[in-house]
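# Structural characterization, general
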Amino acid sequence: MTQLAGTGALIRLVLRRDRLILPLWIVLVTAFFAGTASSFATAYPTLQAQQDFIDNVVSNPAVVALIGPVLDPGVGGLTAWRIGTVGSVVVGLIAILAVVRHTRTEEVEGRQELARAAVVGRSAHLTAVLAVVGAGMLVMAALTGLALAAQGLPASGAFALALALAAVGWVFAGVAALAAEICSTNRAASGVSVAVLALAVVVRMGADVGAGAGPTAWLAWLTPTGWLQQVLPFSEQRWWVFLLFLIVTAALVGAAYAVRDRRDIRAGLLADRLGPAHAGPGLSSVFALTWRQNRGLLLAVVIGYGLLGLLMGSAAPGVAQAGAQLGPFLARLGVANGAEALVILLIYVFAEVLAAYAIMVTLRPRSDETGGLAFVLLATPTSRTRWALSQFVIVVLGTAAAMLVRGVTIGLTYGLATGDLAGQLPAAVGSALAKLPAVWVVAGVAALLFGLVPRLSVALSWAVFVIVLALEIGWEFGSVPDAVFAASPFSYVFPLSGQASLSAVLGLTLVAAVLGAGGLLALRRRDIG
Amino acid sequence: MSDAVDVRGLTKSFGSTSVLSDLNLSVGSGEVHGFLGPNGAGKSTTIRVLLGLIRPTSGTISLLGGDPWSDAVELHRRIAYVPGDVTLWPNLTGGEIIDLLARLRGGLDAARRDALIERFELDPQKKARTYSTGNRQKVALVSALSSRADLLILDEPTSGLDPLMERTFRECLTEEKSAGRTVLLSSHILSEVEAACDRVTIIRKGRTVETGTLAQLRHLTRTTIEAELTTVPAQLHADPDIHDLTVERTTVRCQVEPHRMDAVLRILLEGGVRNLVAHPPTLEDLFLEHYQNAGAGPAEAGHGGQHSQHLERTAR
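Residues numbered from 1 in each chain as written. Chains lettered and ligands numbered in written order. Predicted model: local features only at pLDDT ≥ 70, side-chain atom pairs only at ≥ 80, totals over all residues. Heavy atoms only, no water.

## Describing the overall build of chain B
The cut-off we apply is this: Starting at the N terminus, helices and strands are each numbered in turn, a helix being any DSSP run of H or I of at least four residues and a strand any DSSP run of E of at least two. For every residue, the accessible area (1.4 Å probe, protein chains only) is compared with the maximum for its type, and the residue is labelled buried under 20%, exposed over 50%, or partly exposed between those bounds. Here, residues are in contact when the closest pair of their heavy atoms is within 4.5 Å. Accessibility throughout is a Shrake-Rupley quantity obtained with a 1.4 Å probe, and a residue counts as covered only by protein chains that appear here. For the purpose of charge, His is not counted, nor are the chain termini; Lys and Arg are scored as positive and Asp and Glu as negative. Every charge is mapped to an atom, namely NZ of Lys, CZ of Arg, CG of Asp or CD of Glu.
Tallying secondary structure elements over chain B gives 12 helices and 13 strands in all. In terms of principal-axis extent, the alpha carbons of chain B reach across some 70 × 45 × 35 Å. Classification of the 316 residues of chain B by burial places 51% in the buried group. For chain B, restricting intrachain contacts to residue pairs at least 6 apart in sequence, the fraction spanning at least 24 positions comes to 68%. Only carbon and sulfur atoms are counted for the fraction: they give 49% of the accessible area of chain B, which is about 13,500 Å². Placing the 35 positive and 41 negative side-chain charges of chain B at their respective mean positions leaves the two points 4 Å apart.

## Side note on the overall build of chain A
Rule in force here: Put simply, the radius of gyration uses C-alpha atoms, and a globule should come to 2.2 Å times the residue count raised to 0.38.
Helix and strand content of chain A: 23 helices and 0 strands. Since a compact globule built from 529 residues should have a radius of gyration of about 24 Å, the 24 Å found for chain A is in line with a globular shape. In terms of its C-alpha atoms, chain A occupies a principal-axis envelope of roughly 65 × 60 × 40 Å. When each of the 529 residues of chain A is scored for burial, the buried share is 54%.

## Section: the interface of chain B and chain A
So the rule is basically this: We define buried area as the total accessible area lost by two parts upon association, computed with a 1.4 Å probe and summed across both. For this analysis, a salt bridge means a side-chain nitrogen from Lys or Arg found within 4 Å of a carboxyl oxygen belonging to Asp or Glu. Two N or O atoms form a polar contact when they lie within 3.5 Å of each other; inside protein one atom must be a possible hydrogen donor and the other a possible acceptor, and for residues adjacent in sequence the pair counts only when both atoms belong to side chains. When residues are grouped by polarity, Ala, Val, Leu, Ile, Met, Phe, Trp, Tyr, Cys and Pro land in nonpolar, Asp, Glu, Lys and Arg in charged, and all others, Gly among them, in polar.
Contacts between chain B and chain A engage 38 residues on the former and 37 residues on the latter. Buried area between chain B and chain A, summed over both chains or domains, comes out near 3,300 Å², and the portion from carbon and sulfur atoms is 59%. Per-residue buried area on chain B facing chain A is highest for B:Leu53, B:Trp89 and B:Leu104; these three make up 20% of the total on that side. In this assembly, chain B and chain A are joined by 2 salt bridges. The salt bridge partner of A:Arg292 is B:Glu96, with a shortest N-O separation of 3.1 Å. For the pair chain B and chain A, the interface holds 20 residue pairs in polar contact (both at pLDDT 80 or more). At the level of secondary structure, the elements contributing two or more residues to the side of chain B that touches chain A comprise β1 (3-14), α2 (72-76), β5 (79-82), α3 (94-105) and α4 (110-119) of chain B. A total of 8 residues in the side of chain B that touches chain A trace back to one element, the largest contributor, which is α3(B). Residue classes in the side of chain B that touches chain A are distributed as 16 nonpolar, 8 polar and 14 charged.

## Comments concerning the nonpolar core
Which entries qualify depends on this criterion: The nonpolar core is taken to be a set of buried Ala, Val, Leu, Ile, Met, Phe, Trp, Tyr and Cys residues, with the residues joined through side-chain atoms within 4.5 Å.
With 224 residues, the main nonpolar core has A:Met137, A:Met140, A:Phe490 and B:Phe120 as its most contacted residues. Per-element accounting of this core gives the leading share, 18 residues, to helix α9 (residues 155-182) of chain A. Setting aside chain neighbours within four positions, we find A:Met140 in contact with A:Trp25, A:Ile26, A:Val29, A:Thr30, A:Phe33, A:Val91, A:Leu165 and A:Ala166. Formed by 11 residues, the second largest nonpolar core is a distinct cluster that contains B:Ile225, B:Val256, B:Ile267 and B:Leu268.

## Here we look at the packing of aromatic side chains
Centre-to-centre distance and the angle between the planes together describe a pair of aromatic rings. All names here are of chain A. Note the following rule: Any pair of Phe, Tyr and Trp rings, taking the six-membered ring for Trp, is counted once the centres come within 6.5 Å. Such a pair is stacked with planes under 30 degrees apart, edge-to-face with planes over 60 apart, and tilted for the rest.
One pass over the full model with this rule turns up 17 aromatic pairs over all chains. Ring centres of Tyr 305 and Phe 350 lie 5.4 Å apart, and the angle between their planes is 80°; on these two criteria the pair is classed as edge-to-face. Taken together, the residues Tyr 305 in helix α13 (residues 286-321) and Phe 350 in helix α15 (residues 338-362) connect sequence positions 45 residues apart. Where Tyr 348 meets Phe 490, the ring centres are 6.2 Å apart and the plane angle is 85°; that geometry is what we call edge-to-face. You can see Tyr 348 sitting in helix α15 and its partner Phe 490 sitting in the loop between α22 (482-485) and α23 (502-525), a full 142 residues away along the chain.

## Quick look at the sheet that holds strand β6 (residues 151-155) of chain B
Residues and elements named next belong to chain B. Rules: Strands are labelled as partners when DSSP assigns at least two bridges between them. The axes used here are C-alpha line fits, helices contributing only the stretch in contact, and every angle between their N-to-C directions lies in the interval 0 to 180 degrees.
Pairing within the open sheet is mixed, and its 6 strands lie in the order β5-β6-β7-β3-β8-β9. The sheet is open, and its two borders are formed by β5 and β9 (207-213), each paired with just one other strand. The average angle at which neighbouring strand axes cross in this sheet is 15°, direction not considered. Summarising the sheet, strand β3 (residues 32-36) and strand β8 (residues 199-204) pair through 4 bridges and their orientation is parallel. Paired with His 33 across the strands is Arg 199, a residue of β8.

## What about the state of the cysteines?
Worth spelling out the cut-off: Put simply, a disulfide is two cysteine sulfurs that come within 2.5 Å.
For the coordinates displayed, the defined rule picks out 0 disulfides over all chains. The cysteine B:Cys197 is free of any disulfide, with B:Cys172 supplying the nearest cysteine sulfur at 15 Å.

## A short note on the confidence of the model for chain A
All names here are of chain A. Defined as follows: A residue's pLDDT is the predictor's confidence in that residue, given on a scale from 0 to 100.
Of all residues in chain A, 92% attain a pLDDT of 70 or more, and the chain-wide mean is 87. Per-element confidence in chain A ranges from a low mean pLDDT of 57 for helix α14 (residues 328-333) to a high of 96 for helix α20 (residues 436-452). Taken as a whole, residues 321-326 scores under 50 in pLDDT and shows 8 contacts with residues more than four places along the chain or in a different chain.

## Focus on empty space enclosed by the protein
Residues and elements named next belong to chain A. Basically, it comes down to this: Whether a set of points on the 1 Å grid over the protein atoms alone is a cavity depends on a 1.4 Å probe fitting there but being unable to get out, while an open set qualifies as a pocket with protein on both sides within 12 Å along at least five of seven lines; lining residues are those with an atom within 4 Å of a point. Grid points are joined across faces, edges and corners, and a volume is the space filled by probe spheres set on the points.
Tallied over the full model, the rule gives 4 cavities of 30 Å³ or more. Here the largest cavity is characterised by a volume of approximately 140 Å³. Looking at the largest cavity, it is lined by 15 residues, and the ones nearest its centre are Pro 69, Leu 71, Ala 80, Trp 81 and Gln 229. If you list the elements that add at least two residues to the lining of the largest cavity, you get α5 (74-102) and α11 (224-230). Element by element, the count of residues in the lining of the largest cavity is highest for α5, at 5 residues. Residues that form the lining of the largest cavity fall into these classes: 8 nonpolar, 5 polar and 2 charged.

## Re the environment of B:Ser29
All names here are of chain B. You can see Ser 29 is positioned in the loop between β2 (17-28) and β3. Overall, the relative accessible area of 29% leaves Ser 29 in the partly exposed class. Spatially, the C-alpha atom of Ser 29 lies 8.6 Å from that of Leu 64, the residues being 35 residues apart in sequence.

## As for the pattern of salt bridges
Taken as a whole and judged by the stated rule, the model has 32 salt bridges over all chains. Between A:Glu106 and A:Arg111 there is a salt bridge, with its nearest N and O atoms 2.7 Å apart. Taking relative accessible area as the criterion, A:Glu106 reaches 5% and is therefore assigned buried. With its nearest N and O atoms 3.0 Å apart, the salt bridge here joins B:Glu31 to B:Arg199. Placement of B:Glu31 in the loop between β2 and β3 and of B:Arg199 in strand β8 is noted, with a sequence separation of 168 residues between them.

## Describing unusual backbone geometry
All names here are of chain B. Backbone geometry at Glu 121 places phi at a positive 50°, although glycine is not the residue there. Within the element layout of this structure, Glu 121 appears in the loop between α4 and α5 (133-145). Even without being glycine, Arg 249 reaches a positive phi, approximately 50°. Mapped onto the elements, Arg 249 comes out in the loop between β11 (242-248) and β12 (251-256). The class of Arg 249 is exposed, set by a relative accessible area of 81%.

## Here we look at the domain arrangement of chain B
Keep this limit in mind: Segmentation of the chain into domains, including their bounds, is taken from an automatic or database domain assignment.
Under the domain assignment, chain B is made up of domain 1 (3-213) and domain 2 (222-279). Between domain 1 of chain B and domain 2 of chain B, the C-alpha centre-to-centre distance is 43 Å.

## Concerning the pairing of β12(B)
All names here are of chain B. Burial along β12 is one-sided: the residues Val 252, Cys 254 and Val 256 are buried and none of Thr 251, Arg 253 and Gln 255 is. Judged from the 6 bridges that link them, strand β10 (residues 223-229) and β12 form a sheet pairing that is antiparallel. Looking at the pairing, Ala 227 lines up with Val 252 of β12. As paired strands, β11 and β12 are joined by 5 bridges and run antiparallel to one another. Following the sheet pairing, Glu 248 is matched in β12 by Thr 251. In this structure, the hairpin formed by β11 and β12 is closed by a connection of 2 residues, where Arg 249 is found at a positive phi of approximately 50°.

## Side note on α5(A)
Filter applied, for reference: Expected helix span is given by 1.5 Å per residue-to-residue step, counting one fewer step than there are residues. We define the bend at each residue as the angle formed by axes fitted to the 7 residues ending at it and the 7 residues starting at it.
The end-to-end C-alpha distance of α5(A) is 41 Å, a good match for the 42 Å that 29 residues give at a rise of 1.5 Å each. Largest kink in α5(A): about 45°, centred on A:Gly84.

## A closer look at the side chain of A:Gln230
Residues and elements named next belong to chain A. The residue Gln 230 is located in helix α11 in this model. Judged by relative accessible area, Gln 230 falls into the buried class, the value being 14%. The contacts of Gln 230, once residues within four sequence positions are left out, are Ala 220, Trp 221, Arg 238 and Val 241.

Given below as structure tokens:
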């Protein structure tokens, strides 16, 4: 028990440090879930309207693969369907960021050492943050359950769905806890955890390629996002599925405690090796340094996008064989069949996800600034412009590499599978590259914020990202009009009628360049630090 | 010879908080200049202005004949800097960082680099994230000292070093001085400053309160006299220039303004001097005087303010 000494005080510390963000995400997530249910209830009030929606949209295998099949009846079933995957990603990310922030980051920054020198047990930090995140998820579940029930959904179903979302959060809190024990840096710990989250979503997509009944349907049992569906909150209510969540969470958390017991403070599972005593000839400019700092994450993203591309490109034809009728949805996309729609949509969705990477990399100079590295670097004959520009180059080239690899892999596998390599490969590559300018505009906004309002830049940039996603989802459901969706750069590259127009691509590129240049100009005029 | 650093009337405010107000600092070429002040006095802020990292609110600043804000990049070819709190790229080794910074600055003395690594007993193969505070400081020091910069700006460079390494640093400082490099040394280790520095500037609450050579500063501060007399002359008690007088039978202790030394000695002689010890104030005395006044507002800087006015005359 002495290992847990001080946990109470640390729980208060976590609550104090997260006193704004914690209530904020609980409220936002609850509002998002409740809002989804209410927009379904408004748009499709009758059983007939709901069935029409399912027949027209959800019968489309591309949509089924992306979001999953509708498994339960009524507004409840539609709500569970729509928020299942997105909700998993959102609560998963929240759990990961919170756990890593209060464990490995504390350790890397040396604050945990200070706390541990007091009467604080070895496992107190880990326990404190798991308690806060675990309880936070429960509060979120309670509020979401209430909000859904208040809209007339069956109460037990509403709470089952909400609790399943919380349980997904617990699993990813466990993933992050283990990753934070194994990896020696906070960046690596978050990176590994987010990769696991992405994998969980992809595996769920694989399971639903056959509309929930194909030969890969068993994959759903390998991923928390799949378990979420399998709870069937508005029909069978399989409460025993929660055992899966609990067992896996307990195993992950148990492993984290076991590693923690065996390692030294600040160490990872692997000891640090010695490196070269002299810098190689390549490490002789700011650009080389920036590349060195960014290459790990960039390679991970590119490889991840490549693997996902291979996987999805080869799985996509199965969608066509699942043989659904062509809904008006496909006509809107201007494609021939469900498989092609899936390819195009996957390229689009992953471009949107890439905006998160672009924001992260664009704002890296900001963390160098607060951490003090900028003082060391800018005291050499390195101009501020070169410093930031080297990072922006990584953003532009890195996102381009990721989308290129994505286009090539998905086009290659899909082209081979359909015997239309000559047609599909260029189409997929062109479609992937055409999305880039929208990603760059988001990065440009982050760059401008970094130049103008450095202290607020991180929070505001992520707010922009969330707004872009919210506009997208709202627009899909028709609750956001076209005129408002036009505020999102992605509206100009949405694959509504085949390829994005050249003028949209050029226009967005120009906007991104102006935003980036504005950021650089502002950076030259302000104080560093 | 023109000054390497010439700062006049520097003020800097962050929003409504004023960090520097009317700060003066001049460092001659080839001079080792001590830059002293209590925690939070504005030393690091001044250094960041000199490096062009932050923009002054007002004041004229000349650094190696240029403007630190607009000519930052050009000037930095001739400057090496050791920050007070050294942050390094965690995934690079110490050796890689030293080489990288040298290449960014435009070259280093490779033989000196290797010699310094040996003298500071630094393991250049370790990743920066595994270094202690002292070892990170050593990386920054080796990098700065092995550069070909004309001006070294060192912000409390030895705060994390052990006494042995601190001695090594002092030796290096002496070598830099004889090699004719200009050094601006911010430090709390007074013996270090006393041993190495030609001139000193003391700031408090963002304002210069003392500047000059150590000898000049001492001249402006009372000398302590301890004398054993045959009889204690009565004038001692009456003289307005004798301070903190204590008389213990025939042993007299007091403090005297430097310009009244002559007169006070004459009075003492009248009592018949059997033993006499007079010592000038140590830097520590000077320093404590200002530190202890730190509670007072900047407007009335005590006699420190008067001193700096004196010095404006005497130092030039």
